[in-house]
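Chain by chain, the residues:
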Amino acid sequence: MNCEECGKRPATLHLTKIVNGEKTEYHICEHCASEKGDVFTGFHNFSINNLLSGLLKFDPMQKNGREPATSKPLRCETCGLTYAQFSKSGRFGCSDCYTFLGDRLDPLFRRIHGNTQHIGKVPERTGGQLKIRKELEQLKRALQHHVASEEFEKAAEMRDRIRALEQKIAKS
């Protein structure tokens with residue numbers, strides 16, 4: 001699609017404007033957008049990180065996207081990355097950034113992934129033993145819970161399942 005203004009260059013900026021339910025679309029090149037002024041300025045520095053940050057309300061501890069005046073900016077002691085820099089780039093400077101910025105990352109991870117702890121997946125071909133061991137751990141926790149709440153019939157079922165899995169591990 002060519003630029004609607006000059007008709008010479010390919011349109012790289014596509015803007016949809018909706019006012020009072022009336023939709024207007026503009027398709028123009030960067031050169032014409034810079035000549036046009038205020039209506040189209042600021043779009044050449046568009047970043048998907050900024051879009052996601054805005055949509056997810058990236059930092060609940062900040063007001064209006066700024067650090068609170070009373071708090072000192074969070075900074076990684078190893079690489080010097082600040083939380084503001086991380087929120088703009090979406091990338092960490094080093095592995096220690098998780099430790100120094102951790103308090104602010106938990107709400108973000110919870111929103112995006114639904115949890116703050118990585119559970120992971122195990123490949124079917126190689127993870128047979130690992131899956132059995134994880135199931136064994138879950139059953140042992142359930143057994144302790146049933147014993148603590150004096151549900152002895154359920155605890156006996158858990159015990160039997162644990163023994164069967166342990167035998168399965170011993171055979172392989």
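No experiment lies behind these values; they were computed from the predicted model shown. (Residues numbered from 1 in each chain as written. Predicted model: local features only at pLDDT ≥ 70, side-chain atom pairs only at ≥ 80, totals over all residues. Heavy atoms only, no water.)

J.: Is there a simple way to think about the UniProt feature "domain: UVR" (unreviewed entry) in the chain in this case?
T.: Per the UniProt record, "domain: UVR" (unreviewed entry) is annotated on residues 133–168. Structurally, residues 133–168 is divided into 92% helix and 0% strand, and its ends, taken at the C-alpha atoms, are 10 Å apart. (UniProt positions renumbered as here; feature names shortened; annotations may be inferred. Helix = DSSP H or I, 4+ residues; strand = E, 2+ residues; numbered from the N terminus.)

J.: In this structure, what is going on with the packing of helix H6 (residues 128–148) against helix H7 (residues 152–171)? I would like to understand it.
T.: To describe two helices that pack against each other, one gives the angle between their axes and the distance between the axes. Viewed as axis vectors pointing N to C, H6 and H7 meet at an angle of 160 degrees, and their least axial separation amounts to 9 Å. One way to sum up the angle between H6 and H7 is to call them roughly antiparallel. Crossing hand, H6 versus H7: left-handed. Contacts between H6 and H7 involve Gln 129, Ile 132, Arg 133, Glu 135, Leu 136, Leu 139, Lys 140, Ala 142, Leu 143, His 146 and Val 147 from the former and Phe 152, Lys 154, Ala 155, Met 158, Arg 159, Arg 161, Ile 162, Leu 165, Glu 166, Lys 168 and Ile 169 from the latter. When its residues are assigned to classes, the contact of H6 with H7 shows twelve nonpolar, two polar and eight charged. (Axes fitted to C-alpha atoms, helices over the stretch in contact; angles between N-to-C directions. Parallel < 35°, antiparallel > 145°, perpendicular 65-115°, else oblique. Left-handed = near helix turned anticlockwise from the far one by under 90°. Contact = heavy atoms within 4.5 Å. Nonpolar A, V, L, I, M, F, W, Y, C, P; charged D, E, K, R; others polar.)

J.: Explain the pattern of salt bridges here, please?
T.: Any two side chains of opposite charge can pair if their charged atoms end up close together. Inspection of the entire model under this criterion finds three salt bridges. The partner of Glu 25 in a salt bridge is Lys 23, with the nearest N and O atoms 3.4 Å apart. Classification of Lys 23 by relative accessible area gives exposed; the value is 54%. In this structure, Arg 159 engages Asp 160 in a salt bridge whose closest nitrogen and oxygen atoms are separated by 3.2 Å. (Salt bridge = Lys/Arg side-chain N within 4 Å of Asp/Glu carboxyl O. Buried < 20%, exposed > 50% of the residue type's maximum accessible area, 1.4 Å probe, protein only.)

J.: How should I be thinking about the environment of Gly 128 in this particular structure?
T.: Structurally, Gly 128 is set in helix H6. Relative accessible area serves as the criterion here: at 36%, Gly 128 is assigned to the partly exposed category. Separated by 41 residues in the primary sequence, Gly 128 and Ile 169 have C-alpha atoms spaced 9.8 Å apart.

J.: It is not clear to me how H6 should be interpreted in this structure. Could you clarify?
T.: With 21 residues, H6 ought to run about 30 Å at 1.5 Å a step, and its terminal C-alpha atoms sit 31 Å apart, in line with that. Burial in H6 covers these residues: Ile 132, Leu 136, Leu 139 and His 146. Looking straight down H6, one finds its buried side chains confined to an arc of 90 degrees; they lie on one side. Every exposed residue of H6 that faces more than 90 degrees away from the buried side is listed here: Arg 141, Gln 144 and Ala 148. On its buried side, H6 packs onto H7. Note on H6: the residue one or two positions beyond its end, Glu 150, has a positive phi of about 55 degrees. (Expected span 1.5 Å × (residues − 1). Arc of directions from axis to C-beta.)

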